[in-house]
Amino acid sequence: MIEPEDLSEMEQQVMNISHAEVGSVHAELVRMYQADAESVQAEEVELQRSAAGNVKAERIHAVQSAMGHVTAGEVHAQGGATGFAQAEKASVSGYTGAVVAGSVEVNQGTVGLVAGREVHAEGTRTVLLLGRTVNGNVTTLMDTRSALLAGLISGLFAGLMLLLGQILFGRKS
């Protein structure tokens, strides 16, 4: 296990990090317990009560952890917070800013944006949900009609502001 000290960049086959703060980690398997890292790149990542800014892996399993930007083949985040997750298969609970995946499963979570071909949700709240197939119990603040209306109003407002700016500050020949 790595002792608590500031470690900048590390690379090995298996990294077990506990109670430490690291910069960048590159390994086949990374296990973190009550630790934080700026960047993690691995085949498989396991986080428990940890934080990572940027995570790239084939498989990620996070429990009560915070992740900023996640790129993975498969991600499973349980009871934590995730900023943005992009994966082929994603399973999240807790708080997530945005998740974009081929198959998305959200259980008892709050998500800003959910986008996927197949979305399975149970006890979930979202702001915007985009999916070809949606199953489960989900409360969405913005449906297709609301999103279209918000886009039209935003576009109209932006156009009026640009027109007003040209009238007030436009160049005169």
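Peer 1: I'd love a proper account of the overall build of the chain, names of residues and values included.
Peer 2: From N to C terminus, the chain includes one helix and five strands. Relative to its length of 173 residues, the chain is extended, with a C-alpha radius of gyration of 20 Å against a globular reference of 16 Å. Summarising its shape, the C-alpha atoms of the chain cover approximately 65 × 50 × 20 Å along the three principal directions. The buried share among the 173 residues of the chain stands at 35%.

Peer 1: Requested: an account of the side chain of Ser 65, with residues and values cited.
Peer 2: Tracing the backbone shows Ser 65 in the loop between β4 (51-63) and β5 (66-142). Look at Ser 65 and you get buried, because its relative accessible area is 6%. At 3.1 Å, the side chain of Ser 65 forms a polar contact with the backbone nitrogen of Ser 50. A distance of 3.0 Å separates a polar atom in the side chain of Ser 65 from the backbone oxygen of Val 63.

Peer 1: Could you give me a rundown of the environment of His 19, with the residues and numbers involved?
Peer 2: Looking at where His 19 falls in the secondary structure, it is placed in the loop between β1 (6-18) and β2 (21-33). According to the relative accessible area criterion, His 19 is partly exposed, its value standing at 41%. Placed 15 residues apart in sequence, His 19 and Gln 34 show a C-alpha to C-alpha distance of 5.1 Å. There is a polar contact of 2.7 Å between the side chain of His 19 and the side chain of Ser 18.

Peer 1: Go over the nonpolar core with me, naming the residues and quoting the values.
Peer 2: Counting 36 residues, the largest nonpolar core has Ile 17, Val 30, Met 32, Val 40, Val 45, Ile 60 and Met 67 as the members making the most contacts within it. Counting only elements with at least two residues in this core, the list comes to β1, β2, β3 (36-48), β4 and β5. The dominant element in this core, judged by the number of residues it contributes, is β5, at 17 residues. If we ignore the near neighbours within four places in the chain, the residues touching Val 40 are Val 25, Val 30, Met 32, Val 45, Ala 52, Asn 54, Val 55 and Lys 56.

Peer 1: Tell me what's going on with the pattern of salt bridges, and back it up with residues and numbers.
Peer 2: If you walk through the whole model with that rule in mind, you get three salt bridges. Glu 46 is the salt-bridge partner of Arg 31, the closest N and O atoms lying 3.6 Å from each other. Pair noted here: Arg 31 is in strand β2 and Glu 46 is in strand β3, with a separation of 15 residues, a long-range link. The closest approach of N and O atoms between Glu 88 and Arg 117, which form a salt bridge, is 2.8 Å. Overall, the relative accessible area of 42% leaves Arg 117 in the partly exposed class.

Peer 1: Just give me the short version of the environment of His 26, but keep the residues and values in it.
Peer 2: Its location among the elements puts His 26 in strand β2. His 26 sits 108 residues away from Val 134 along the chain, and the two C-alpha atoms are 36 Å apart. A distance of 3.5 Å separates the side chain of His 26 from the side chain of Gln 41, its partner in a polar contact.

Thresholds, definitions, all that
- Residues numbered from 1 in each chain as written.
- Predicted model: local features only at pLDDT ≥ 70, side-chain atom pairs only at ≥ 80, totals over all residues.
- Heavy atoms only, no water.
- Helix = DSSP H or I, 4+ residues; strand = E, 2+ residues; numbered from the N terminus.
- Rg over C-alpha atoms; globule rule 2.2 N^0.38 Å.
- Buried < 20%, exposed > 50% of the residue type's maximum accessible area, 1.4 Å probe, protein only.
- Polar contact = N/O pair within 3.5 Å; in protein donor to acceptor, adjacent residues only side chain to side chain.
- Core = buried A, V, L, I, M, F, W, Y, C linked by side-chain atoms within 4.5 Å.
- Contact = heavy atoms within 4.5 Å.
- Salt bridge = Lys/Arg side-chain N within 4 Å of Asp/Glu carboxyl O.

The analysis is restricted to geometry; functional conclusions fall outside its scope.
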